[in-house]
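Fold and geometry: a report
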Amino acid sequence: AYKRFSELLPKEERENACSARVPKSRILTLPELRANPFRHRICQVFSTSDNGDDSMSFEDFLDMLSVFSDSATSDIKSHYAFRIFDFDDDGTLDRKDLEKLVNCLTGQGKESQLSDEEMEQLIRNILEESDIDKDGTINLSEFQHVVSRSPDFTRYGGLQR
């Protein structure tokens, strides 16, 4: 992990890789993230940068790789997936989060975008299946409950090499 992190740094900064921060633009060049529709949000969730540039320290990078590794538990994977999908960081997946989630998965192009009716029906179905307390949002425990019934989540939910 240290080698991969330091390779993302300019040559002159590699000696001090432990105290350096890799810019988001370099993190996004990782093969595992390049095609991930949530790549920008992943950087946002794992970055501890104070200035909002989504750069990563070695510790941030290690956290990200650990969560997406095969050895991470499904609880850890689902916790971070929930954080990634919670676009407004309010602790719940509401209709706006679900719409962004669906748009990320289907693509932003006109040809792949769902109609308003299709989007509404899909969100209604997701909430019907997942919103156990019927408050119109999905909280972390509801999300983890749904994920626990989906063995493919942990198998395919990560950065695979």
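Structure shown above.
A brief structural summary. Positions within a chain are numbered from 1, following the residues in the order the chain's sequence is written. With the structure being a predicted model, the display of local features is reserved for residues of pLDDT at least 70 and the display and counting of side-chain atom pairs for 80 or more, all residues being used for whole-chain, interface and lining totals. Only hydrogens and water are set aside; all other atoms, that is, all heavy atoms of the structure, feed into the side-chain values.

Looking at the side chain of Glu142
We count it as follows: Think of it this way: any DSSP run of H or I at least four residues long counts as a helix, any run of E at least two long counts as a strand, and we number them from the N terminus. Three labels apply to residues, based on accessible area from a 1.4 Å probe with only protein chains included: buried if under 20% of the type maximum, exposed if over 50%, partly exposed otherwise in between. Note on charges: Lys and Arg go in the positive column, Asp and Glu in the negative column, and His and the chain ends are not counted at all. Each reported salt bridge corresponds to a side-chain nitrogen of Lys or Arg within 4 Å of a carboxyl oxygen of Asp or Glu. We call two residues in contact whenever any of their non-hydrogen atoms come within 4.5 Å of each other.
Along the chain, the position of Glu142 falls in helix H9 (residues 140-148). For Glu142, which is buried and forms no salt bridge, the nearest opposite charge comes from Lys134, at a distance of 7.8 Å. Not counting residues up to four positions away in its chain, the partners in contact with Glu142 are Ser130, Asp131, Ile132, Asp133 and Thr137.

Some points on the packing of aromatic side chains
Selection criterion: Two rings from Phe, Tyr or Trp (for Trp, the six-membered ring) form a pair when their centres sit within 6.5 Å of each other. Planes less than 30 degrees apart are called stacked, planes more than 60 degrees apart edge-to-face, and all others tilted.
Enumeration over the complete set of coordinates arrives at eight aromatic pairs. Judged by centre distance (5.4 Å) and plane angle (50°), the rings of Phe5 and Phe61 are tilted. On the criterion of sequence distance, the pair formed by Phe5 in helix H1 (residues 2-7) and Phe61 in helix H5 (residues 58-67) is long-range, its members being 56 residues apart. Summarising the burial analysis for this pair, Phe5 and Phe61 share the class buried.

Observations regarding a negative patch on the surface
Stated precisely, the cut-off is as follows: A residue counts toward a patch only above 30% relative accessible area and without a salt bridge, and it is joined to like-charged neighbours within 9 Å or, for Val, Leu, Ile, Met, Phe, Trp and Tyr, to nonpolar neighbours within 5 Å. Surface accessibility follows the Shrake-Rupley procedure with a 1.4 Å probe radius. Residue values consider only the protein chains on display as shielding. The atom standing in for a charge is NZ when the residue is Lys, CZ when it is Arg, CG when it is Asp and CD when it is Glu.
On the surface, Glu99, Asp116, Glu117 and Glu118 cluster together to form a negatively charged patch. With three residues, the single largest contributor to the negative patch is helix H8 (residues 116-130). Looking at where Glu117 falls in the secondary structure, it is placed in helix H8.

Description of the state of the cysteines
Heads up, the condition is: By convention in this document, the label disulfide applies to cysteine sulfur atom pairs within 2.5 Å.
Counting across every chain of the model gives zero disulfides. With no disulfide of its own, Cys18 has Cys43 as its nearest cysteine by sulfur position, at a separation of 20 Å. Counting only cysteine sulfurs, Cys43 is the nearest neighbor of Cys104, a cysteine outside any disulfide, at a range of 13 Å.

Looking at the environment of Phe85
As for its position among the elements, Phe85 is in helix H6 (residues 74-85). Put simply, Phe85 and Arg41 are 44 residues apart on the chain and 8.1 Å apart in space, counted from C-alpha to C-alpha. The residues touching Phe85, leaving out its near neighbours within four places in the chain, are Phe38, Leu93, Asp97, Leu101 and Phe143.

Considering unusual backbone geometry
In this model, Asp54 sits at a positive phi of 60°, which is unusual for a non-glycine residue. Inspection of the secondary structure puts Asp54 in the loop between helix H4 (39-46) and strand S2 (56-57). We note that Asp89 has phi near 55°; this positive angle belongs to a residue other than glycine.

As for the pattern of salt bridges
Inspection of the entire model under this criterion finds eight salt bridges. Lys3 is paired through a salt bridge with Glu7; the nearest N and O atoms lie 2.6 Å apart. You can see Lys3 and its partner Glu7 sitting in helix H1, four residues apart, about one turn around the helix. Judged by its relative accessible area of 57%, Lys3 is exposed. Given the relative accessible area of 39%, Glu7 is considered partly exposed. In this structure, Lys24 and Asp54 form a salt bridge, with 3.6 Å as the shortest nitrogen-oxygen distance.

Description of the nonpolar core
What counts here: Here the nonpolar core consists of buried residues drawn from Ala, Val, Leu, Ile, Met, Phe, Trp, Tyr and Cys, with membership extended through side-chain atoms lying within 4.5 Å.
In terms of nonpolar packing, the biggest core is built from 39 residues, with Ile27, Phe46 and Met64 touching the most fellow members. Elements with a contribution of two residues or more to this core: H4, H5, H6, helix H7 (95-106), H8 and H9. Apart from residues lying up to four places away in sequence, Ile27 is in contact with Leu8, Val22, Leu33, Cys43, Met56 and Phe61.

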